[in-house]
Amino acid sequence: MCTQTKAAAVMANIPRVDIDPSGVFKYVLIRVHSREEGDDSEADIVRGYGWAEYHADIYEKVSEELEAGGLLDCECIGGGRIKHDAQAKKIHVYGYSMGFGRANHAVTTEKLKARYPDYEVTWDNEGY
């Protein structure tokens with residue numbers, strides 16, 4: 001019989017992508033880990049919002065919320081920018097974070113494609 005840890009159950013319910021509905025904004029790629037002993041589960045999540053002046057603003061808010069229950073630990077593995085054109089159904093991922101470095105935009109793009117299957121999702125390493 002396979003048993004799932006509390007952390008893994010919580011992680012399974014975390015949306016993999018949460019971004020603003022349109023606009024150009026900063027984003028971070030966050031790796032969420034279980035804190036439970038013997039549980040090496042992890043998940044990468046994308047968060048991007050126009051309200052953030054800095055990439056760290058997004059990471060601090062999201063990690064604080066996810067780590068509050070004591071079951072999860074977060075690590076920012078990079079950042080960049082997202083241009084989300086909802087009318088044209090296009091998302092473009094680019095740039096980097098001064099504080100966290102460049103996220104792996106290919107990973108971010110795959111997560112965005114899963115969340116927005118009817119969109120054209122592209123990326124490049126140009127820009128800031």
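Everything numeric here is computed off the predicted structure, so don't read it as measured data.

## What about helix H3 (residues 105–115)?
Move 1: Buried within H3 are the following residues: His105, Thr108, Thr109 and Leu112. Looking straight down H3, one finds its buried side chains confined to an arc of 100°; they lie on one side.
Move 2: Those residues of H3 that are buried are in contact with strand S1 (17–19), strand S2 (23–34), strand S3 (42–49), strand S4 (72–85), strand S5 (90–94) and strand S6 (120–123).
Move 3: Where H3 starts, the residue carrying a side-chain oxygen 3.1 Å from the main-chain nitrogen of Ala106 turns out to be Asn104.

## Concerning the pattern of salt bridges
Move 1: In the structure shown here, the tally under the stated rule is six salt bridges.
Move 2: A salt bridge links Asp44 to Arg31; its shortest N-O distance comes to 2.7 Å. Note that Asp44 is positioned in strand S3 and Arg31 in strand S2, a separation of 13 residues in sequence.
Move 3: A relative accessible area of 14% means that Asp44 is categorised as buried.
Move 4: In this structure, the salt-bridge partner of Glu110 is Lys113, at a minimum N-O distance of 3.8 Å. Placement of the pair is Glu110 and Lys113 together in helix H3, with a separation of three residues, close to one helical turn.

## Thoughts on the environment of Glu75
Move 1: Structurally, the position occupied by Glu75 is in strand S4.
Move 2: Once you skip the residues sitting within four places of it in the chain, Glu75 turns out to touch Leu29, Ile30, Arg31, His33 and Tyr59.
Move 3: Reaching out from Glu75, the side chain makes a polar contact with the side chain of His33 at a distance of 3.0 Å.

## Looking at the nonpolar core
Move 1: Among the nonpolar cores identified, the biggest contains 17 residues, and Ile14, Ile30, Val32, Ile45 and Leu66 are the most heavily contacted of them.
Move 2: Looking at this core, the elements that each hand over two or more residues are helix H1 (6–12), S2, S3, helix H2 (55–67) and S4.
Move 3: When neighbours within four sequence positions are excluded, Ile14 is seen to be in contact with Val32, Ile45, Arg47, Leu66 and Leu72.
Move 4: Counting residues in hydrophobic clusters, the runner-up holds 14 residues, among them Tyr27, Ile82, Val93 and Tyr116.

## Considerations on the UniProt feature "active site" (unreviewed entry) in the protein chain
Move 1: Those places that UniProt annotates as "active site" (unreviewed entry) correspond, in this numbering, to His55.
Move 2: In this structure, His55 sits in helix H2.
Move 3: With near-sequence residues (within four places) excluded, His55 lies in contact with Lys26, Tyr27, Val28, Gly79, Gly80, Tyr96, Ser97 and Phe100.

## Observations regarding the UniProt feature "binding site: substrate" (unreviewed entry) in the protein chain
Move 1: Mapped onto the present numbering, the UniProt feature "binding site: substrate" (unreviewed entry) falls at Lys26.
Move 2: Looking at where Lys26 falls in the secondary structure, it is placed in strand S2.
Move 3: Judged by relative accessible area, which is 13%, Lys26 ranks as buried.
Move 4: Dropping the residues within four chain positions of it, Lys26 is found in contact with Arg47, Gly48, Tyr49, Ala52, Glu53, Tyr54, His55, Ile58, Gly80 and Arg81.

Criteria and thresholds
Residues numbered from 1 in each chain as written. Predicted model: local features only at pLDDT ≥ 70, side-chain atom pairs only at ≥ 80, totals over all residues. Heavy atoms only, no water. Buried < 20%, exposed > 50% of the residue type's maximum accessible area, 1.4 Å probe, protein only. Helix = DSSP H or I, 4+ residues; strand = E, 2+ residues; numbered from the N terminus. Arc of directions from axis to C-beta. Contact = heavy atoms within 4.5 Å. Polar contact = N/O pair within 3.5 Å; in protein donor to acceptor, adjacent residues only side chain to side chain. Salt bridge = Lys/Arg side-chain N within 4 Å of Asp/Glu carboxyl O. Core = buried A, V, L, I, M, F, W, Y, C linked by side-chain atoms within 4.5 Å. UniProt positions renumbered as here; feature names shortened; annotations may be inferred.

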